[in-house]
Amino acid sequence: MVYRIGIIGFGKIAQDQHLPAIRSNPNFELTAVASQRGLTPDEARHTFTDYRTMLREVPELDAVAICTPPQVRHVIARDALEAGKHVLLEKPPAATLSELEDLRRISGEMRKVAFTTWHAQYNRGVDVARDTLAGRRVSRLLVTWKEDVRHWHPGQQWIWQAGGFGVFDPGINALSIVTKIMPVPVFIRKADLLFPANRDAPIAADITFSTGAENADLRGVFDWRQTGPQTWDIEIDCEGGPRLKLSHGGSRLEIDGSLVVEEAPEEYPGIYRRFETLLDERRPEIDDAPLRLVADAFTIGRRVPVEPFEDEPGKAS
Ligand code: NAP
């Protein structure tokens, strides 16, 4: 079956990843694009500046991929589900847990698939790490997620607004790996959230996790101020071994110092293959675990003010 899909929000991730992944999957056909700015690739037969018009005027659409910032995802997803479309939700799938719960409810009532995509989970290294850790006791976890926000999010203002997640926009990718691979549930015990004086979202965070196990050292360091080498690593020691290191965002895995997996990331083709399966089986897949951890960090976190952040150093916005 070929599913006719529309993209809503034709920004960086839609252009860089969704478009090529849809193009390379013969089971999807890009039928329409809704872009406020009027951007569109050639093959989309229908283009709209308002997604509601798209939902109304393209009845043959089976599904939509919602690639907007998270603050507006719930309303758009609700409208799409109520219009009878299946929805693929970019990460984070909503701005709040209550919104995501609402989408779960509507997806069930409308009998349409809602799919929370956590792209970092679509790495073979992550699957091998999960299988290796199954049934073991983790004594040490260290998440190090450090990148240069000026490089990866040039000029994006929504990431700094309340509900834009700040450093958890990339950090939630690490948490989506943690929730997938850890053999027991992980909680936030303590969080320091570093807010620039002129922004409404954190630029860095230090997290202490817990699993309820005594004497485990479980931590996460997230920082958007990194220049030079970028780091997306997760190190895990188990009681009695082995020692795992996932790096490059999950695409590389070492176990006890030996390289076990090293593959070019193929995350979005994997996402669309999964979506195809869920659509074939008419089965929703809503995983809220990474979003819960971020919500918990904001709930119990300590707010630490730090120096203002400017998109261009030395130039106040
Ligand atoms: P972006 O470049 O700012 O693109 C988002 C697009 O959404 C905008 O260009 C705009 O496109 C549309 N949009 C903005 N505000 C909107 C609103 N109020 N209502 C409806 N549409 C609106 O951001 P992005 O980097 O693509 O990120 C989008 C989502 O993908 C985020 O949740 C992010 O976490 C996730 N993501 C991003 C990356 C990445 O590397 N950038 C990686 C993985 C996941 P139009 O003008 O075309 O409507």
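Residues numbered from 1 in each chain as written. Predicted model: local features only at pLDDT ≥ 70, side-chain atom pairs only at ≥ 80, totals over all residues. Heavy atoms only, no water.

K.L.:
Tell me what's going on with the overall build of the protein chain, and back it up with residues and numbers.
P.N.:
On a plain count of helices and strands, the protein chain comes out with nine helices and 15 strands. For 317 residues, the compact-globule estimate of 2.2 N^0.38 gives 20 Å, and the C-alpha radius of gyration of the protein chain, at 20 Å, lies within 12% of that figure. When the backbone C-alpha atoms are referred to their principal axes, the protein chain occupies close to 60 × 50 × 35 Å. Surface exposure of the protein chain reaches about 14,300 Å², of which carbon and sulfur atoms provide 48%. (Helix = DSSP H or I, 4+ residues; strand = E, 2+ residues; numbered from the N terminus. Rg over C-alpha atoms; globule rule 2.2 N^0.38 Å. Areas by Shrake-Rupley, 256 points an atom, 1.4 Å probe, with all protein chains shown as cover.)

K.L.:
How would you sum up the domain arrangement of the protein chain? Please name residues and give values.
P.N.:
Assigned domains of the protein chain: these are domain 1 (3-116) and domain 2 (120-261 + 296-306). Placing the centre of domain 1 and that of domain 2 at their C-alpha centroids yields a distance of 28 Å. Between domain 1 and domain 2, the contact holds nine residues from the first and twelve residues from the second. Interface area for domain 1 against domain 2, summed over the two sides, is near 770 Å², with a carbon-plus-sulfur share of 61%. Considering only the surface of domain 1 that becomes buried against domain 2, Gln71, Lys91 and Pro92 emerge as the three largest contributors, covering 52% of it. With a shortest N-O distance of 3.4 Å, Asp169 and Lys91 are connected by a salt bridge. On inspection of domain 1 and its partner domain 2, the count reaches two residue pairs in polar contact (both at pLDDT 80 or more). The residue makeup of the side of domain 1 that touches domain 2, split by class, is six nonpolar, one polar and two charged. (Domains from an automatic or database assignment. Contact = heavy atoms within 4.5 Å. Buried area = accessible area lost by both parts, 1.4 Å probe. Salt bridge = Lys/Arg side-chain N within 4 Å of Asp/Glu carboxyl O. Polar contact = N/O pair within 3.5 Å; in protein donor to acceptor, adjacent residues only side chain to side chain. Nonpolar A, V, L, I, M, F, W, Y, C, P; charged D, E, K, R; others polar.)

K.L.:
Residue-level account of the sheet that holds strand β13 (residues 252-255), with values.
P.N.:
As summarised here, the arrangement of the nine strands in space is β14-β13-β12-β11-β7-β10-β9-β8-β15, forming an open sheet in which the pairing is mixed. The open sheet has two edge strands with one neighbour each: β14 (258-262) and β15 (302-306). Along the sheet, successive strands turn relative to each other by an average axial angle of 15 degrees, direction set aside. Relative to β15, strand β8 (residues 187-196) runs parallel, the two being bridged by five bridges. Paired with Asp192 across the bridge in β15 is Arg302. Packed on one face of the sheet, helix α5 (residues 124-133) meets β7 (138-146), β11 (231-238), β12 (243-247), β13 and β14 and runs near 160 degrees to β12. Running at roughly 155 degrees to β7, helix α7 (residues 168-181) makes contact with β7, β8, β9 (204-210), β10 (217-223), β11 and β12 of the sheet. (Pairing = 2+ DSSP bridges. Axes fitted to C-alpha atoms, helices over the stretch in contact; angles between N-to-C directions.)

K.L.:
Let's hear about the environment of Ile66: which residues, and what values?
P.N.:
As for its position among the elements, Ile66 is in strand β4 (residues 63-66). Sequence spacing of Ile66 and Arg136 is 70 residues, and the spatial spacing of their C-alpha atoms is 37 Å. Residues in contact with Ile66, not counting those within four places in the same chain, are Ile8, Arg73, Ile76, Ala77, Val87, Leu88, Leu89 and Glu90.

K.L.:
Lay out the pattern of salt bridges with the relevant residues and their values.
P.N.:
One pass over the full model with this rule turns up 29 salt bridges. As a salt-bridge pair, Asp192 and Arg302 come within 3.0 Å of each other at their nearest N and O atoms. On the criterion of sequence distance, the pair formed by Asp192 in strand β8 and Arg302 in strand β15 is long-range, its members being 110 residues apart. Residues participating in the shared-partner salt-bridge network are Asp50, Arg52, Arg78 and Asp79.

K.L.:
Can you lay out the side chain of Gln156 for me, pointing to particular residues and giving the numbers?
P.N.:
For Gln156, the location among the structural elements is in the loop between α6 (149-152) and α7. For Gln156, a relative accessible area of 19% puts it in the buried group. Within the structure, Gln156 has its side chain in polar contact with the side chain of His153 (distance 2.7 Å). (Buried < 20%, exposed > 50% of the residue type's maximum accessible area, 1.4 Å probe, protein only.)

K.L.:
Outline the UniProt feature "domain: Gfo/Idh/MocA-like oxidoreductase N-terminal" (unreviewed entry) in the protein chain, supporting the account with residue identities and numerical values.
P.N.:
UniProt tags residues 4-112 as "domain: Gfo/Idh/MocA-like oxidoreductase N-terminal" (unreviewed entry). With 39% helix and 21% strand, residues 4-112 has its two end C-alpha atoms placed 14 Å apart. (UniProt positions renumbered as here; feature names shortened; annotations may be inferred.)

K.L.:
Describe the packing of helix α3 (residues 73-82) against helix α4 (residues 97-110), with residues and values.
P.N.:
Taken N-terminus to C-terminus, the directions of α3 and α4 make an angle of 5 degrees; their axes are 10 Å apart at the nearest point. Considering the angle they form, α3 stands roughly parallel to α4. Here His74, Ala77, Arg78, Leu81 and Glu82 of α3 lie close against α4, whose contacting residues are Glu99, Asp102, Leu103, Ile106, Ser107 and Met110. Residues of the contact of α3 with α4, tallied by class, amount to five nonpolar, two polar and four charged. (Parallel < 35°, antiparallel > 145°, perpendicular 65-115°, else oblique.)

K.L.:
Outline helix α1 (residues 12-23), supporting the account with residue identities and numerical values.
P.N.:
Over its twelve residues, α1 extends 16 Å from the first C-alpha to the last, a length consistent with the 16 Å expected when each residue adds 1.5 Å. All of the buried residues in α1 are Ala14, His18, Leu19, Ala21 and Ile22. On an axial view of α1, the arc spanned by its buried residues comes to 165 degrees, and they lie on one face. Here the buried face of α1 lies against β1 (3-8), β2 (28-34), β4, β5 (86-89) and α8 (267-281). (Expected span 1.5 Å × (residues − 1). Arc of directions from axis to C-beta.)

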